[in-house]
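# Coordinate inspection notes
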Number of protein chains: 2
Amino acid sequence: MSRKDNSVNIENSKRGYHHGDLRVALVQAGLEMLKTRSADEVSLREIARMVGVSATAVYRHFPDKAALLGALCDEGGRELARLQVEAMKKSGGGRPGFDAVGRAYVRFALDNPTLFRMMMTTRPAVDFLDIQPDRDNSALQLLRENIAALVPAGASQEQRRIAALQAWSIVHGLAMLMLDNQVPVDEAVIDAVIDSAATGVATSR
Amino acid sequence: MSRKDNSVNIENSKRGYHHGDLRVALVQAGLEMLKTRSADEVSLREIARMVGVSATAVYRHFPDKAALLGALCDEGGRELARLQVEAMKKSGGGRPGFDAVGRAYVRFALDNPTLFRMMMTTRPAVDFLDIQPDRDNSALQLLRENIAALVPAGASQEQRRIAALQAWSIVHGLAMLMLDNQVPVDEAVIDAVIDSAATGVATSR
DNA sequence: TCGGCAATGTTTACAGCGATAACATGTCTC
DNA sequence: GAGACATGTTATCGCTGTAAACATTGCCGA
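Residues numbered from 1 in each chain as written. Chains lettered and ligands numbered in written order. Predicted model: local features only at pLDDT ≥ 70, side-chain atom pairs only at ≥ 80, totals over all residues. Heavy atoms only, no water.

Okay, the overall build of chain A next. What chain A contains, in helices and strands, is eight helices and zero strands. The order of α-helices and β-strands along chain A, N terminus first, is α-α-α-α-α-α-α-α. Here chain A holds 205 residues, and 47% of them are scored as buried. Sequence-distant contacts in chain A: of pairs separated by 6 or more residues, those separated by 24 or more amount to 65%. If you sum the accessible surface of chain A, you get close to 10600 Å²; carbon and sulfur atoms cover 52% of it. (Helix = DSSP H or I, 4+ residues; strand = E, 2+ residues; numbered from the N terminus. Buried < 20%, exposed > 50% of the residue type's maximum accessible area, 1.4 Å probe, protein only. Contact = heavy atoms within 4.5 Å. Areas by Shrake-Rupley, 256 points an atom, 1.4 Å probe, with all protein chains shown as cover.)

Below, the discussion takes up the packing of helix 1 (residues 22-36) of chain A against helix 2 (residues 44-51) of chain A. Residue and element names in this part refer to chain A. One way to put it is that helix 1 packs onto helix 2 with a least axis distance of 9 Å and a crossing angle of 115°. In terms of orientation, helix 1 and helix 2 fall into the roughly perpendicular class. You can see that helix 1 and helix 2 cross each other, and the crossing is right-handed. Of the residues in helix 2, those touching helix 1 at Leu22, Ala25, Leu26, Ala29, Gly30, Glu32 and Met33 are Glu46, Ile47, Ala48, Met50 and Val51. Looking at the contact of helix 1 with helix 2, its residues break down into nine nonpolar, one polar and two charged. (Axes fitted to C-alpha atoms, helices over the stretch in contact; angles between N-to-C directions. Parallel < 35°, antiparallel > 145°, perpendicular 65-115°, else oblique. Left-handed = near helix turned anticlockwise from the far one by under 90°. Nonpolar A, V, L, I, M, F, W, Y, C, P; charged D, E, K, R; others polar.)

Residue and element names in this part refer to chain A. When pLDDT is averaged along chain A, the result is 84; 80% of the residues meet or exceed 70. Confidence scores differ between elements of chain A, with helix 6 (residues 138-150) showing the lowest mean pLDDT of 70 and helix 2 the highest of 98. With pLDDT under 50 throughout, residues 9-13 is counted as low confidence; its partners more than four residues away or in other chains account for one contact. Contacts for the low-pLDDT stretch residues 126-136, under 50 throughout, to residues beyond four places or in other chains number 19 contacts. (pLDDT = per-residue confidence, 0-100.)

When chain B is fitted to chain A, the residual RMSD is 0.1 Å, and the transformation amounts to a turn of 180° plus an axial shift of 0.0 Å. Taken together, the rotation and translation relating the two chain copies correspond to the operation of a two-fold axis. Within chain B, Gly173 of chain B has its C-alpha nearest the rotation axis, a separation of 1.7 Å. Both copies contact each other with a shared surface, as 100% of the interface residues of chain B are interface residues in chain A too. (Least-squares fit on C-alpha atoms with pLDDT ≥ 70 in both.)

Inspection of every chain in the model, using the stated rule, returns 20 salt bridges over all chains. Connected through shared salt-bridge partners, Glu79, Arg82 and Glu86 of chain A make up one network. (Salt bridge = Lys/Arg side-chain N within 4 Å of Asp/Glu carboxyl O.)

Here the focus is the packing of aromatic side chains. Residues and elements named next belong to chain A. In the structure shown here, the tally under the stated rule is four aromatic pairs over all chains. Each ring, one from Tyr105 and one from Phe116, has its centre 5.5 Å from the other, and the planes form 90°; the classification is edge-to-face. Pair noted here: Tyr105 is in helix 4 (residues 94-111) and Phe116 is in helix 5 (residues 113-122), with a separation of eleven residues, a long-range link. Residue classification places Tyr105 among the buried residues on the basis of a relative accessible area of 3%. The class of Phe116 is buried, set by a relative accessible area of 0%. A network of ring pairs unites the aromatic residues Tyr105, Phe108 and Phe116 as a single cluster. (Phe/Tyr/Trp six-rings, centres within 6.5 Å; stacked < 30°, edge-to-face > 60°.)

Put into structure tokens, the structure is as follows:
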């Protein structure tokens with residue numbers, strides 16, 4: 001019997017009827033799958049198969065496929081934030097911190113192409129630029145403060161917002177262009193572009 | 001009989017067995033469809049239905065779905081180039097031309113979200129930045145010359161490339177962030193970011 | 001003028017997909 | 001121990017992309 005239906009071969013599995021922690025297993029399998037496949041090749045059924053569970057079992061933990069993918073995006077968001085905070089701390093903040101965070105952003109995108117694209121397309125807008133402190137997200141808070149610190153003291157609120165958006169645009173645009181093979185990946189080029197982005201923010205006009 | 005199969009009701013159609021120019025009809029219908037649907041909602045069968053032809057007829061003109069979508073991307077690329085050249089000519093070139101082209105780029109992305117995303121993800125890399133004159137693409141040629149003209153005279157080849165890439169990154173990043181609802185769409189913000197991008201190129205460090 | 005061939009349609013069929021409904025099994029609580 | 005509830009399963013539906021076989025048409029050479 002091939003896999004035309006939702007069935008799963010219980011004989012071959014050493015687990016019992018219940019999985020234990022299916023939700024996290026599905027998320028892990030999903031993230032694994034994103035590493036080697038493009039977005040439209042990611043199927044709910046295959047993720048379920050990887051975990052060794054019937055396709056419909058997924059619906060006990062997620063209302064639909066989009067929700068499962070959303071959970072993958074959340075995980076990616078946390079990881080990206082973690083990497084950025086780490087990069088900033090290692091570099092000691094300030095302008096070197098800004099550069100390091102930018103590089104971490106581009107690197108994450110290049111290392112996780114499908115996931116990164118999904119995060120951007122489907123996430124409900126992180127609102128990096130919203131200056132007012134929101135919720136508990138200390139990672140983003142740190143980033144905002146970092147950008148704000150780079151902007152010259154006399155700058156208006158509006159100038160700060162534009163400068164921050166420009167910095168984000170450069171890094172994001174560079175990441176996307178390289179991700180989409182519009183521009184060849186080149187570490188030196190990444191460094192050069194990010195460096196001049198930082199200069200742009202620091203002298204924000 | 002509902003539409004569970006590939007069939008098409010010949011009675012209701014006033015055309016004969018042959019369509020006339022199915023290829024362009026499919027491309028037009030496809031572009032129409034992209035206006036109202038997201039990428040994963042675009043189905044080959046529905047495009048065929050719009051044209052009033054069986055799903056498999058598509059395969060007489062395109063090897064597979066990807067090829068059909070590729071044709072849509074080509075069409076989008078031509079339109080984008082046309083808009084950019086038009087914008088540049090209207091503005092008289094130089095730095096105003098640079099700004100106008102950037103705005104046209106962002107506007108096209110915002111006006112054609114699905115198509116633009118598809119163009120970037122699936123197109124074989126336009127290589128805007130490759131300075132050597134390639135093929136016959138006069139539109140891109142014009143853009144390259146325009147960017148090159150903005151860069152200070154003393155700049156090296158490498159500096160020019162970095163400056164051009166940075167400009168493209170800013171515009172592309174801004175377009176993608178707004179497209180993905182990470183940043184609210186705001187004409188004034190677009191102008192401000194593009195303007196400082198131009199300044200960045202003109203003073204390229 | 002006609003006969004056949006290449007181009008371009010059609011129907012039929014299949015496997016994979018996301019999703020719903022009905023059913024099965026295990027766990028936890030009283 | 002009983003039964004409620006969570007979490008599995010199979011069966012089935014309608015949709016998708018695509019291959020194979022068949023049908024119709026227009027065109028080109030005898």
